[in-house]
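Descriptive structure summary
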Amino acid sequence: MNYIALLRGINVGGNNKISMSELKEAFVEHGFTNVSTYINSGNVLFSSGMADEEMLKNQCEALIKSRFGQDIAVAVISGADLINAMDHAPEWWGKGNDKDMKHNAIFVIPPATAEELIQKVGIAPEYEKIDHFGRIIFWSAPLKTFSRTRWSRIVGTPEYKSVTIRNANTARKLAALACADA
């Protein structure tokens, strides 16, 4: 099966630096196949005969700890699940080339669920839109009122440790790459 490992918080602001070529090498050495990375934010596409995403997540986190000495949370999603979620993204999410909007795919790291995180963080409907499908939360907000959104304030909260965030373009590209590998 094809999977995407989404590493949380690497290569951001000079913190948790991990080379993508070294990360790819580590995944290959671990026995994963068809390994590739996409951009510098910790997106690894790979294949594995294992179907248990929780076990894959644990293996990826242990691999990163062993190889790079860093405790990095990882969300693992099958390529099929990512493609399906992108097919079910709300119509308002990430459409067109709107430079005045911010659109994110918020990947929930189990054991947390999208429903519980949405309930805990909440929503300021006058400033942001939110929906979810499976373990992906689709979020959009105008840039001019971004700081007034509930989800812009998630950093530093306990809920923030249960997510890894990619912009709409990256999420769509990962789905396209997963489609190509299928």
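The notes below deal with the structure included here.

The rules behind these values
Residues numbered from 1 in each chain as written. Predicted model: local features only at pLDDT ≥ 70, side-chain atom pairs only at ≥ 80, totals over all residues. Heavy atoms only, no water. Pairing = 2+ DSSP bridges. Helix = DSSP H or I, 4+ residues; strand = E, 2+ residues; numbered from the N terminus. Axes fitted to C-alpha atoms, helices over the stretch in contact; angles between N-to-C directions. Contact = heavy atoms within 4.5 Å. Buried < 20%, exposed > 50% of the residue type's maximum accessible area, 1.4 Å probe, protein only. Arc of directions from axis to C-beta. Phe/Tyr/Trp six-rings, centres within 6.5 Å; stacked < 30°, edge-to-face > 60°. Lys NZ or Arg CZ within 6 Å of the ring centre and 35° of its normal.

1. Re the sheet that holds strand β1 (residues 2–7)
- A sheet is described by the order of its strands in space; here four strands give the open sequence β2-β3-β1-β4, paired in antiparallel fashion. Two strands close off the open sheet at either side, each with one partner strand: β2 (33–38) and β4 (74–78). Strand-to-strand twist of the sheet, defined as the mean angle between neighbouring strand axes without regard to direction, takes the value 20°.
- Pairing between β1 and β4: five bridges, direction antiparallel. In the strand pairing of β4, I4 is matched with I77.
- Along the sheet, helix α2 (residues 53–68) contacts β1, β3 (43–47) and β4; its crossing angle with β4, the most-contacted strand, is approximately 140°.

2. A short note on helix α4 (residues 114–121)
- Turning to α4, its buried residues number three or more, namely A114, L117, I118 and V121. Considered in projection along α4, the buried side chains sweep an arc of 100° and stay on one side of the axis. Of the exposed residues in α4, the ones pointing more than 90 degrees away from its buried face are Q119 and K120.
- In this structure, the buried side of α4 is in contact with β5 (101–108), β6 (129–133), β7 (136–142) and β8 (163–167).
- Among the residues trailing α4, G122 stands out with phi positive, at a value near 80°.

3. Details of the packing of aromatic side chains
- One pass over the full model with this rule turns up six aromatic pairs.
- Both rings, one in F27 and one in F46, keep their centres 5.5 Å apart while their planes meet at 65°; by these two values the pair is edge-to-face. Placement of F27 in helix α1 (residues 20–30) and of F46 in strand β3 is noted, with a sequence separation of 19 residues between them.
- Under the relative-accessibility criterion, F27 is labelled buried at 0%.
- Feature note: the residues Y3, F27, F32 and F46 constitute an aromatic cluster, connected by ring pairs.
- The lysine or arginine in question, R8, covers the ring of Y160, its NZ or CZ lying 4.5 Å from the ring centre.

Everything listed is a geometric property; what it means functionally is a separate question.
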